[in-house]
Amino acid sequence: MSADGGEVRSAATRHGPAAAPRQAMAFALTHRLWATLAVVLPMAVFAAAAGAYSHITPLGQAPDEAAHAAYLGLIAHQLQLPGPGTPERQQPPLYYLLGAGVFKLTGGNLDAVRDLSVALGALAVLFAVLSARVLWPGRPGWWLLTGLVVATLPQFQFIAGSISDDAIANGTAAFLTYLLVRVLRTPATHRLQLWVGLGLGLAVVSKETDYALAAIVALAALVRWWGRTRRLAAVARVAGPALVVAGWWVGRNVVVFGSPFPHLRPAEVHPGLTTKLHHLSQLPSWLAISFHSFVGIFGNLSTPLQIAGDSRSVFHGIEVAAAVLALALLLAAWRSWSGWDGWMRLLALALALIPVVAFLQMLANSVLVDYQAQGRYLIVALPALALGLTFLARRIAQAVPVALACLAAAVLVAGVATIDVAGIQTVAFHLLNTPIVPGHLVIT
């Protein structure tokens, strides 16, 4: 026995020095492949699904698609932004400038503009993955999970397959979330300060739904960098890119509208008649529609996500799952709180604040301006929610046996895949087939 043991040890000794470099190279290659997969797979899944929605959804069957196309058509054909009295005049111009460029380069192809939306949505997935990489370096499996959570939301995929400035709003929101994580978890550098300035400027010219998130990022940067960097220089590095990207549009609005931002234009259900959230009795329905349309109500809020013709059971199941996950996340954060440093606690609070502020912004708009129970306005919080769910998954994986964790992961993947496929099937077989003639979608 001792001879055998000694022989084994001698073999290990003989092969160990030679084998070590090969093992290190194999490990590095495996890690690199995992890291690449963590970036590429979520983006590919998203692009495939959003592209499917874009292909099967009739033009004009996404929210306000005709008005969005008219905005970019005005730029493409008349080289001007909308003035007073023009629909969607309150919308910041970045998406429409990009869309007008694609429209002109492709000879008036609106499907190509939809492809632009898909690409912008894929950027949102990318920045969600990058945020996870900052939080969990060296753990590409968790980057992959974060990216897939963002990539597989049916409503996000559907909106990203349409002509809508929500596409750039969601991409910018994911970029801002990434900057928030960088600001609170990495050292202050000149380059990061320039990136923050760029992010704030992009928020101003992307969509109003990004403004609250931009304010959170700006406040976090102020707290993080106060006293740790030269203030005037830092302010200049942040303000410079922001002014270059957005200053021209704010100045133009002051000249044209007499204010830095155009006034919101309520939707009219009948000429001269708008609706608002007036009474508490309306709130339960508003909340239900908002949540359901965050998950998947397609068309112009006409076609809810369904499996075998049943939408009520699907949404009830999702509601229960969301409630359980929210409670579990709060419990996991509470148990982890004492082990976090001050900046990690601040980041957790900031990420939790993003969906709360996005919700309150939508609620205030419905009360004060226009009844809009449209969960697509909450998608700006999706990267923050995905990071929270990844954190929860990590805590669960650490607390249960490996076999049970693998089983739970398999069930989760199966459930998400089922809902994802069901969304595409819902649009393919149940969305009202009332296309608008492409030529009517633009101003000529």
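The following paragraphs examine the structure supplied in this document. (Residues numbered from 1 in each chain as written. Predicted model: local features only at pLDDT ≥ 70, side-chain atom pairs only at ≥ 80, totals over all residues. Heavy atoms only, no water.)

**Notes on the packing of helix α2 (residues 65-78) against helix α3 (residues 94-105)**
Next, step 1: α3 packs onto α2 with a crossing angle of 65° between their chain directions and a minimal axis gap of 8 Å. Classified by the interaxial angle, the pair formed by α2 and α3 is roughly perpendicular. Crossing hand, α2 versus α3: right-handed. Residues His68, Tyr71, Leu72, Ile75, Ala76 and His77 of α2 form the contact with α3, whose participating residues are Tyr96, Leu97, Gly99, Ala100, Phe103 and Lys104.
Next, step 2: Per-class residue counts for the contact of α2 with α3 are eight nonpolar, three polar and one charged. (Axes fitted to C-alpha atoms, helices over the stretch in contact; angles between N-to-C directions. Helix = DSSP H or I, 4+ residues; strand = E, 2+ residues; numbered from the N terminus. Parallel < 35°, antiparallel > 145°, perpendicular 65-115°, else oblique. Left-handed = near helix turned anticlockwise from the far one by under 90°. Contact = heavy atoms within 4.5 Å. Nonpolar A, V, L, I, M, F, W, Y, C, P; charged D, E, K, R; others polar.)

**Brief notes about helix α15 (residues 402-430)**
Next, step 1: Here α15 is 29 residues long and its end C-alpha atoms lie 41 Å apart, about the 42 Å a rise of 1.5 Å per residue gives.
Next, step 2: Taken residue by residue, α15 has Asp420, Ala422, Gly423, Thr426 and Val427 as its buried positions. (Expected span 1.5 Å × (residues − 1). Buried < 20%, exposed > 50% of the residue type's maximum accessible area, 1.4 Å probe, protein only.)

**Some words on the pattern of salt bridges**
In a structure, side chains of opposite charge can pair up when their charged atoms sit close to one another.
Next, step 1: Within the structure shown, the criterion is met by six salt bridges.
Next, step 2: The salt bridge partner of Asp64 is Arg376, with a shortest N-O separation of 3.4 Å. Residue Asp64 is located in the loop between α1 (2-56) and α2, and its partner Arg376 is located in the loop between α13 (342-368) and α14 (382-399); the two are separated by 312 residues in the primary sequence.
Next, step 3: Residue Asp64 is classed as partly exposed on the basis of its relative accessible area of 36%.
Next, step 4: Linking Lys207 and Asp166 is a salt bridge whose minimum nitrogen-to-oxygen distance equals 2.8 Å. With a gap of 41 residues between them, Lys207 in the loop between α8 (190-206) and α9 (211-225) and Asp166 in helix α7 (residues 166-185) connect regions that are remote in the sequence. Each member of the pair Lys207 and Asp166 is classed as buried.
Next, step 5: One salt-bridge network, in which partners are shared between bridges, spans Asp64, Asp165, Asp166, Lys207 and Arg376. (Salt bridge = Lys/Arg side-chain N within 4 Å of Asp/Glu carboxyl O.)

**Considerations on the environment of Ser311**
Next, step 1: By secondary structure assignment, the location of Ser311 is in the loop between β2 (303-304) and α12 (312-336).
Next, step 2: A relative accessible area of 22% places Ser311 in the partly exposed class.
Next, step 3: Through-space distance from the C-alpha of Ser311 to that of Ile297 is 9.9 Å; in sequence the pair is 14 residues apart.
Next, step 4: Residues contacting Ser311, with those up to four places away along its chain left out, are Pro304, Leu305 and Gln306.

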